[in-house]
Amino acid sequence: MKVYEVQKDASNEIREQIASLLTKQRISNENSGTYDQIMTGIHLALESTDTAYIVVAEMDEEIVGIAFFNIGISLARGGHYMWLNELYVQEDLRNKGIARKLLLHVVHWAEKSGIKSIELETGINNVVTKHLYNSLGFYEVISKRYGFSF
């Protein structure tokens with residue numbers, strides 16, 4: 001298995017594999033987001049300059065896991081922070097260390113890049129994912145998240 005950052009000039013095949021994997025996530029979590037919306041987001045992420053990144057885990061030339069994050073500026077921390085939007089592994093390949101490898105890749109990338117903090121959100125009942133985050137030094141922040149959509 002290899003873990004790597006998807007480059008801005010990624011092929012349509014790679015983009016389509018990422019979109020297919022994330023579409024499965026959306027269906028299993030009953031979240032909104034069609035394949036076309038996800039593909040548009042992938043194109044935007046890969047076209048952005050230094051604000052959005054996609055890291056994938058690949059086995060046998062198939063993308064089986066993804067981490068997607070954005071970089072923002074934190075006034076409180078006096079520097080850049082990372083918001084980890086997605087961390088997802090194909091269901092039949094879970095509990096094999098793929099998410100850990102993806103997350104470690106992201107953490108090392110952030111440290112190398114001078115990122116001040118990494119923030120993310122997970123479900124309050126997602127025990128397995130919370131264990132992964134805690135095992136790597138993440139800690140729980142109590143807050144209430146709000147959203148607004150057009």
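Residues numbered from 1 in each chain as written. Predicted model: local features only at pLDDT ≥ 70, side-chain atom pairs only at ≥ 80, totals over all residues. Heavy atoms only, no water.

So, on to the confidence of the model for the protein chain. Per-residue confidence for the protein chain gives a mean pLDDT of 92; residues scoring 70 or more make up 96%. Ranking the helices and strands of the protein chain by mean pLDDT puts helix H3 (residues 98–112) first, with 98, and helix H1 (residues 12–29) last, with 86. (pLDDT = per-residue confidence, 0-100. Helix = DSSP H or I, 4+ residues; strand = E, 2+ residues; numbered from the N terminus.)

Further remarks concern the packing of aromatic side chains. Counted according to the given criterion, the structure contains five aromatic pairs. Taken together, a centroid distance of 5.3 Å and an interplanar angle of 20° make the contact between Tyr53 and Phe69 stacked. Residue Tyr53 is found in strand E2 (residues 52–59), and its partner Phe69 is found in strand E3 (residues 62–74); the two are separated by 16 residues along the sequence. Overall, the relative accessible area of 9% leaves Tyr53 in the buried class. (Phe/Tyr/Trp six-rings, centres within 6.5 Å; stacked < 30°, edge-to-face > 60°. Buried < 20%, exposed > 50% of the residue type's maximum accessible area, 1.4 Å probe, protein only.)

The five strands are arranged E1-E2-E3-E4-E5 in an open sheet whose pairing can be described as mixed. Here the strands that pair on one side only, and so sit at the sheet edges, are strand E1 (2–5) and strand E5 (117–120). Adjacent strand axes in the sheet meet at a mean angle of 25° when their direction is disregarded. (Pairing = 2+ DSSP bridges. Axes fitted to C-alpha atoms, helices over the stretch in contact; angles between N-to-C directions.)

Let us now look at H3. Compared with an ideal rise of 1.5 Å per residue, which puts 15 residues at 21 Å, H3 spans 21 Å between its outermost C-alpha atoms and is within 8% of the ideal. Taken together, the buried positions of H3 are Ile98, Leu102, Leu103, Val106, Trp109 and Ala110. The buried side chains of H3 occupy one side of the element, clustering within an arc of 130° when seen end-on. Exposed residues pointing more than 90 degrees away from the buried face of H3 are listed as Glu111 and Lys112. Here the buried face of H3 lies against E1, E2, E3, strand E4 (79–89), E5 and helix H4 (127–135). (Expected span 1.5 Å × (residues − 1). Arc of directions from axis to C-beta. Contact = heavy atoms within 4.5 Å.)

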